[in-house]
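Spelled out from the first residue to the last, the chains are:
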Amino acid sequence: MPSSTEMTYPVLSHAPEQAVAVRPDRTISAREFYRDVSSLTEQLPRSSYVINLCSDRYRFMVGFAAALLAKQVTLMPSNTTSETLRTFLPLIPVFTS
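Residues numbered from 1 in each chain as written. Predicted model: local features only at pLDDT ≥ 70, side-chain atom pairs only at ≥ 80, totals over all residues. Heavy atoms only, no water.

1. As for the overall build of the protein
Helix and strand content of the protein: three helices and four strands. Overall, the protein shows an N-to-C arrangement of helices and strands of β-β-α-β-α-β-α. Here the protein holds 97 residues, and 31% of them are scored as buried. Look at the contacts in the protein between residues 6 or more apart in sequence, and 56% of them connect residues 24 or more apart. Per element, the accessible surface of the protein, about 6600 Å² overall, is 54% carbon and sulfur. (Helix = DSSP H or I, 4+ residues; strand = E, 2+ residues; numbered from the N terminus. Buried < 20%, exposed > 50% of the residue type's maximum accessible area, 1.4 Å probe, protein only. Contact = heavy atoms within 4.5 Å. Areas by Shrake-Rupley, 256 points an atom, 1.4 Å probe, with all protein chains shown as cover.)

2. Describing the pattern of salt bridges
Under the criterion given, the structure shown has three salt bridges. The salt bridge partner of arginine 31 is glutamate 17, with a shortest N-O separation of 2.0 Å. Of this pair, arginine 31 sits in helix α1 (residues 30-43) while glutamate 17 sits in the segment before β1 (19-22); the two residues are 14 residues apart in sequence, bridging distant segments of the chain. For glutamate 17, a relative accessible area of 58% translates into the label exposed. Note that aspartate 56 and arginine 23 form a salt bridge whose closest N and O atoms lie 2.8 Å from each other. Placement of the pair is aspartate 56 in the loop between β3 (49-51) and α2 (57-69) and arginine 23 in the loop between β1 and β2 (27-29), with a sequence separation of 33 residues. (Salt bridge = Lys/Arg side-chain N within 4 Å of Asp/Glu carboxyl O.)

3. With respect to α1
For the α-helix, the turn length of 3.6 residues means that residues three or four positions removed from each other point alike. The terminal C-alpha atoms of α1 lie 20 Å apart, and with 14 residues this matches the ideal 20 Å at 1.5 Å per residue to within 8%. Within the span of α1, buried status applies to Ala30, Glu32, Phe33, Tyr34, Val37, Ser38 and Thr41. (Expected span 1.5 Å × (residues − 1).)

4. Quick look at α2
Between its first and last C-alpha atoms α2 spans 19 Å; for 13 residues at 1.5 Å apiece the expected length is 18 Å, and the two agree. When we look at burial in α2, the residues that qualify are Tyr58, Val62, Gly63, Ala65, Ala66 and Ala67. Buried-residue contacts for α2 involve β1, β2, α1, β3 and β4 (73-75). The N-cap of α2, judged by a side-chain oxygen 3.0 Å from the amide nitrogen of tyrosine 58 a few residues on, is aspartate 56. (Polar contact = N/O pair within 3.5 Å; in protein donor to acceptor, adjacent residues only side chain to side chain.)

5. A look at the nonpolar core
Counting 14 residues, the largest nonpolar core has Leu12, Phe33, Tyr34, Val37, Tyr58 and Val62 as its most contacted members. Residue assignment for this core shows that the elements contributing at least two residues are α1 and α2. Top contributing element to this core by residue count: α2, with five residues. (Core = buried A, V, L, I, M, F, W, Y, C linked by side-chain atoms within 4.5 Å.)

Structure below.
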């Protein structure tokens, strides 16, 4: 089995050194993405659902891929108003890091 820094994901088929994201200050390689996803996957609470509220596109991508690996359904609300978020509360555990 490939190491966590070299595994492939259903949403990514890049070689480890290929760029997958561009930040204002640097480019992120597939290897770094793999590490970020693996790290987050280990931190996710054990639940059927996760809610992804990331407004940063790279962080959203990492969160989505981590949820895929954890076999969790990613909930993506249309907005972040209190009323909308309250509808999701019964589905998600409280998680802070």
